[in-house]
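Results of the structural survey
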Amino acid sequence: QVQLVESGGGLVQAGGSLRLSCAASGRTFSSYNMGWFRQAPGKEREFVAVIKWSGSSTSYADSVKGRFTISRDNAKNTVYLQLNSLKPEDTAVYYCAASQAYPLTRLTRPYEYGYWGQGTQVTVSS
């Protein structure tokens, strides 16, 4: 069982930065691949990034590649998402999720994840 709590969202101007955190409970955090998704009003949940349980591999959606960075600290049971060069179209609720599925190419799909956080709102003003 894994419980996830996101934090770090907020209101930022276009071009600004935020760092999202996702704190996980449970001793098995280091065995889970961790993903970030986002959902804007009226839209489907969208894959953003994923990181392998070891931190040795990552993958990003094309829309955020080069601007966002996913990382993790297994000693702190936390996964991060650094958001740089933010755009108004990045506005959404951001969710972290945990999965033991593999390979990472499967983990762009929400149904591959068994555990989800409650989300944190990111709003980017123009």
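To start, this report covers the structure provided alongside it. (Residues numbered from 1 in each chain as written. Predicted model: local features only at pLDDT ≥ 70, side-chain atom pairs only at ≥ 80, totals over all residues. Heavy atoms only, no water.)

This part covers the overall build of the protein. Within the protein, the regular secondary structure consists of zero helices and 11 strands. Its helices and strands in sequence order give the protein the pattern β-β-β-β-β-β-β-β-β-β-β, from N to C terminus. Among the 126 residues that make up the protein, the fraction classed as buried is 45%. In the protein, once contacts between residues fewer than 6 apart in sequence are set aside, the share between residues at least 24 apart is 59%. (Helix = DSSP H or I, 4+ residues; strand = E, 2+ residues; numbered from the N terminus. Buried < 20%, exposed > 50% of the residue type's maximum accessible area, 1.4 Å probe, protein only. Contact = heavy atoms within 4.5 Å.)

So, on to the sheet that holds strand 8 (residues 78–83). An order of 1-3-8-7 is seen for the four strands of this open sheet, with the pairing classed as antiparallel. Edge positions in the sheet fall to strand 1 (4–7) and strand 7 (68–73), since each of these pairs with one other strand and no more. Looking at each pair of strands side by side, their axes are set apart by 15 degrees on average, direction ignored. The pairing of strand 1 with strand 3 (residues 18–24) spans four bridges and is classified as antiparallel. Opposite serine 7, over in strand 3, you have serine 21 as the bridge partner. (Pairing = 2+ DSSP bridges. Axes fitted to C-alpha atoms, helices over the stretch in contact; angles between N-to-C directions.)

Tallied over the entire structure, the rule returns one disulfide. Paired by a disulfide, cysteine 22 and cysteine 96 hold their sulfur atoms 1.9 Å apart. Between cysteine 22 and cysteine 96, the disulfide has an S-S torsion of 55 degrees and is therefore right-handed. Within this pair, whereas cysteine 22 is found in strand 3, its partner cysteine 96 is found in strand 9 (residues 92–99), the two being separated by 74 residues in sequence. (Disulfide = S-S within 2.5 Å.)

Another point: the side chain of arginine 72. Along the polypeptide, arginine 72 turns up in strand 7. Put simply, arginine 72 is tucked away with no salt bridge, and the nearest opposite charge, on aspartate 73, sits 8.2 Å away. Only 3.1 Å separates the side chain of arginine 72 from the backbone oxygen of phenylalanine 29, close enough to count as a polar contact. Side-chain polar atoms of arginine 72 contact the backbone oxygen of lysine 52, separated by 3.0 Å. (Lys, Arg positive; Asp, Glu negative; His and termini not counted. Salt bridge = Lys/Arg side-chain N within 4 Å of Asp/Glu carboxyl O. Polar contact = N/O pair within 3.5 Å; in protein donor to acceptor, adjacent residues only side chain to side chain.)

Looking now at the nonpolar core. Met34, Trp36, Leu81 and Tyr94 are the most contacted members of the largest nonpolar core, which totals 38 residues. Of all the secondary structure elements, the ones that give two or more residues to this core are strand 3, strand 4 (33–39), strand 5 (46–51), strand 7, strand 8, strand 9 and strand 11 (120–125). (Core = buried A, V, L, I, M, F, W, Y, C linked by side-chain atoms within 4.5 Å.)

Take the environment of glutamine 3 next. Mapped onto the elements of the fold, glutamine 3 is located in the segment before strand 1. Residue glutamine 3 is classed as exposed on the basis of its relative accessible area, which comes to 54%. Sequence separation of glutamine 3 and glycine 42 is 39 residues, and the distance between their C-alpha atoms is 26 Å. When near neighbours in sequence (up to four residues on either side) are disregarded, glutamine 3 contacts Ala23, Ala24 and Ser25.

Following the sequence through the fold, serine 99 ends up in strand 9. A relative accessible area of 2% places serine 99 in the buried class. A polar contact of 2.8 Å, which involves the side chain of serine 99, links it to the backbone oxygen of glutamate 112. Beyond its immediate sequence surroundings of up to four residues, serine 99 is in contact with Tyr32, Asn33, Leu107, Glu112 and Tyr113.

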